[in-house]
Amino acid sequence: MIPRLKGTDDILPPDSAKWRILLRAFDDLSAKYGYDLALMPVLESTELFARGVGAGTEVVEKQMYTFVDRGGRSVTLRPEFTAGIVRAYLESGGNGVMKVAASGPQFRYEQPQKGRRRQFYQVDLEYLGEQGARADVEIIEMSYELLVTVGVPGITVHLNSIGDAADRLAYRELLRDFLRSVAAELSADARKRIEDNPLRVLDSKIDADIVASAPVPLDHLGSETAAHFAAVRAGLDEAGIPYEVAPRLVRGLDYYNRTVFELFSTAFEAAQSSLGGGGRYDPLGELIGAKHPVPAVGVALGCDRIVAAMLAPAGPRLDLFVAVAAEARIVEAARWVRRLREAGHRVDWTGSAPSLKAQFKTADRSGARGVAVVGDEWDGGEVRVKDMTTGEETTVRIEEVGEWLHR
Ligand code: AMP
């Protein structure tokens, strides 16, 4: 036996049923809001993340799966979608609005635990080419709607603005001064960040008590960024999305400006396990080589955590299992199964005619809501059906089985 690697998962039935619900809901949602599908490379050049995500970030410093390929290039298994999508936008012309939805695995060399995997899955939405606050609102609204649709309980949105680079210039010095004044009490990690990435200290859990009195970006926004934040809030209020302003929320990646947000659920006690997060990342395009600013906002939601937070069971996986009473009826049963599937019902069968007892056993394991037996009644235009939830048996007309299923 060769076991799977630490921090990776085989997502198989029955657990995968909830994944299917999530991925379908995501697909429907993105189509509904006008987001097209983006299928992105899993491998990118290392430099994309070093420049895009930021060389001083935890992801780039400690977590990337980076190796030299056979051609001598340094390549990295993507740890996130956004940098790759912006690269693709720029490579394809980099003009106008592009709204895309992507989903798939990400790779980060983490200390594996529940909800923290080395290979994990994200669904991701990116709205490029729009600077107005309505794009931020749309992305947050969709994130919230997705979680509600798949049955995640007790969702809260944490919202903040970290301003633009210009706002942060003066603010960062203020924050540094504060952090230096309390340096002796800070964790070693936080102390290290005072010089290279002081904003990150704000959301350090172990330093929370000390940074509670630190100056926050919200109090140091310029007039434009303050107006943008007010417009995002007004848009969320108007859409009926509940949120809390979280003045110490910053995100782990370097490319954000203005709006940042994360989504949480009461399904998890640990407040740090966000289901998703995102924000505006206007600086990213230029960080990776764009000649002009690319206003953009996006979100990535963690599928592993969403699925773990989905309360309701996935429900029956099949509408009907078709059992065949005799070999001689296999051909007509096969035709009927095909017709039922064409009509959109979820149907399975064994494709042969072992004993009915054996077929009922298979039907039971299949998780079908009902079983129909193609037997002698077929010649009179009927099938015997059994409701697998109640155990009730009856005979119905073949053409009425669809109604019986959705009764
Ligand atoms: P991030 O890009 O770090 O903001 O991550 C966005 C979302 O992806 C998080 O809110 C999590 O739901 C999920 N996520 C990030 N890292 C992991 C991981 N190592 N394992 C499982 N889910 C993760």
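Residues numbered from 1 in each chain as written. Predicted model: local features only at pLDDT ≥ 70, side-chain atom pairs only at ≥ 80, totals over all residues. Heavy atoms only, no water.

(A) Focus on the overall build of the chain. A tally of helices and strands in the chain yields 14 helices and 16 strands. In terms of its C-alpha atoms, the chain occupies a principal-axis envelope of roughly 85 × 55 × 45 Å. In the chain, buried positions account for 50% of the 407 residues. Partitioning the contacts of the chain with sequence separation of at least 6, the portion at a separation of at least 24 is 69%. (Helix = DSSP H or I, 4+ residues; strand = E, 2+ residues; numbered from the N terminus. Buried < 20%, exposed > 50% of the residue type's maximum accessible area, 1.4 Å probe, protein only. Contact = heavy atoms within 4.5 Å.)

(B) Quick look at the packing of helix 1 (residues 16-32) against helix 5 (residues 133-149). Helix 5 packs onto helix 1 with a crossing angle of 140 degrees between their chain directions and a minimal axis gap of 10 Å. Viewed along their axes, helix 1 and helix 5 form a crossing whose handedness is right-handed. Side by side, helix 1 and helix 5 meet where L22, A25, F26, L29, S30 and K32 of the first sit next to M142, E145, L146 and T149 of the second. Of the residues in the contact of helix 1 with helix 5, the class split is six nonpolar, two polar and two charged. (Axes fitted to C-alpha atoms, helices over the stretch in contact; angles between N-to-C directions. Left-handed = near helix turned anticlockwise from the far one by under 90°. Nonpolar A, V, L, I, M, F, W, Y, C, P; charged D, E, K, R; others polar.)

(C) Quick look at unusual backbone geometry. Here P13 and P14 are connected by a cis peptide whose omega angle stands at 5 degrees. Its place among the elements puts P14 in the segment before helix 1.

(D) The arrangement of the site of the ligand in detail. Contacts to the ligand come from 14 residues, most closely from R108, E110, R117, R251 and S274. In this structure, E110 approaches the ligand through a side-chain N or O atom, which is 2.8 Å from a nitrogen atom. The contact in question runs from an oxygen atom of the ligand to an N or O atom on the side chain of Q122, over 3.0 Å. In the complex, the protein chains occlude 91% of the 480 Å² of accessible area that the ligand would expose alone. For the shell around the ligand, the secondary-structure elements that each account for two or more residues are strand 6 (119-128) and strand 11 (296-302). (Near = heavy atom within 4 Å. Polar contact = N/O pair within 3.5 Å; in protein donor to acceptor, adjacent residues only side chain to side chain. Areas by Shrake-Rupley, 256 points an atom, 1.4 Å probe, with all protein chains shown as cover.)

(E) Structural view of the nonpolar core. Ranked by internal contacts, the top residues of the largest apolar core, which has 45 residues, are L128, L179, L186 and Y281. Breaking this core down by element, the ones donating at least two residues are helix 2 (46-54), helix 3 (58-63), helix 4 (82-91), strand 5 (98-107), helix 6 (165-181), helix 7 (188-196) and helix 8 (208-211). Core analysis: the second largest hydrophobic core is formed by 43 residues, V137, V150, F229 and L301 among them. (Core = buried A, V, L, I, M, F, W, Y, C linked by side-chain atoms within 4.5 Å.)

(F) Local environment of the packing of aromatic side chains. For the structure on display, the rule yields seven aromatic pairs. When the centroid spacing of 6.4 Å and the interplanar angle of 80 degrees are considered together, the rings of Y65 and F107 count as edge-to-face. Taken together, the residues Y65 in strand 3 (residues 65-68) and F107 in strand 5 connect sequence positions 42 residues apart. Aromatic pair W336 and W378: ring centres 5.5 Å apart, planes at 70 degrees, arrangement edge-to-face. On the criterion of sequence distance, the pair formed by W336 in helix 12 (residues 330-342) and W378 in the loop between strand 14 (368-374) and strand 15 (382-387) is long-range, its members being 42 residues apart. Judged by its relative accessible area of 3%, W336 falls in the buried class. Feature note: the residues Y65, F107 and Y109 constitute an aromatic cluster, connected by ring pairs. Note that K99 overlies the ring of Y127, its terminal NZ or CZ placed 5.0 Å from the centroid. (Phe/Tyr/Trp six-rings, centres within 6.5 Å; stacked < 30°, edge-to-face > 60°. Lys NZ or Arg CZ within 6 Å of the ring centre and 35° of its normal.)

(G) Inspection of the packing of helix 5 against helix 9 (residues 223-239) at higher detail. At a minimum axis separation of 9 Å, helix 5 and helix 9 run at an interaxial angle of 45 degrees. Taken together, the axes of helix 5 and helix 9 are oblique relative to one another. Classified by chirality, the crossing of helix 9 by helix 5 is right-handed. Every residue of helix 9 that contacts helix 5 at A133, D136, V137, I140 and E141 is listed here: H228, A231, V232, G235, L236 and A239. Residue classes in the contact of helix 5 with helix 9 are distributed as seven nonpolar, two polar and two charged. (Parallel < 35°, antiparallel > 145°, perpendicular 65-115°, else oblique.)

(H) Quick peek at the side chain of R258. Residue position: R258 is located in strand 9 (residues 257-265). The class for R258 is buried, based on a relative accessible area of 11%. If sequence neighbours within four positions are ignored, R258 has contacts with N160, S161, I162, G163, D164, E224, T225, H228, R280 and D282.

(I) Inspection of the sheet that holds strand 14 at higher detail. Across the sheet, which stays open at both edges, the five strands sit in the order 13-12-14-15-16 with mixed pairing between neighbours. Here the strands that pair on one side only, and so sit at the sheet edges, are strand 13 (347-349) and strand 16 (393-397). Within the sheet, the average angular offset between the axes of one strand and its neighbour, ignoring direction, is 30 degrees. Helix 12 contacts strand 12 (318-324), strand 13, strand 14 and strand 15 of the sheet and is inclined by roughly 160 degrees relative to strand 13. (Pairing = 2+ DSSP bridges.)

(J) Structural view of the pairing of strand 5. The element strand 5 is largely enclosed, with a buried count of eight among its 10 residues. Bridging between strand 1 (residues 36-37) and strand 5 involves two bridges; their strand directions are parallel. Pairing of L37 across the sheet is with A101, part of strand 5. Relative to strand 6, strand 5 runs antiparallel, the two sharing 10 bridges. Residue pairing across strands places K99 opposite Y127, the latter belonging to strand 6.

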